[in-house]
Amino acid sequence: MTAKTKRSKRVSEILFIAQNGGVKEEKTNIEELTGKEYSSGQNIYIFSFSGFAESLIALLGEGGRRTFLENIGNTLDKYGYSIQHKRDWASLLSLI
């Protein structure tokens, strides 16, 4: 999608969340591309998953964190995850 196409579709911000951020070998290319896109009106944000999640969890507040944790447990139930996954989840919760 070209910058003109993105603008005509009213896309002005793009968020990338990657397990470990960007690929180190591609850092220069990524920086050049994001700079070029920024100059054409696109805001591109790249975060590592853990850094993004940590910030988001802080912003949710106590009630939001509780709901988030409950939703994970509910999702394990809804999609029929094995008892081992549920035990692993309970183990992780006990560390909090």
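The coordinates are above.
Let me sum up the structure you'll find in this document. (Residues numbered from 1 in each chain as written. Predicted model: local features only at pLDDT ≥ 70, side-chain atom pairs only at ≥ 80, totals over all residues. Heavy atoms only, no water.)

1. Thoughts on the overall build of the chain
- Scanning the chain from terminus to terminus reveals four helices and two strands.
- Listing each helix as α and each strand as β along the chain from the N terminus yields α-β-α-β-α-α.
- Counting over 96 residues, the chain shows a buried share of 9%.
- For the chain, the share of sequence-separated contacts (at least 6 apart) that also reach a separation of at least 24 residues comes to 66%.
- Taken as a whole, the chain presents about 8000 Å² of accessible surface, with 56% of it coming from carbon and sulfur. (Helix = DSSP H or I, 4+ residues; strand = E, 2+ residues; numbered from the N terminus. Buried < 20%, exposed > 50% of the residue type's maximum accessible area, 1.4 Å probe, protein only. Contact = heavy atoms within 4.5 Å. Areas by Shrake-Rupley, 256 points an atom, 1.4 Å probe, with all protein chains shown as cover.)

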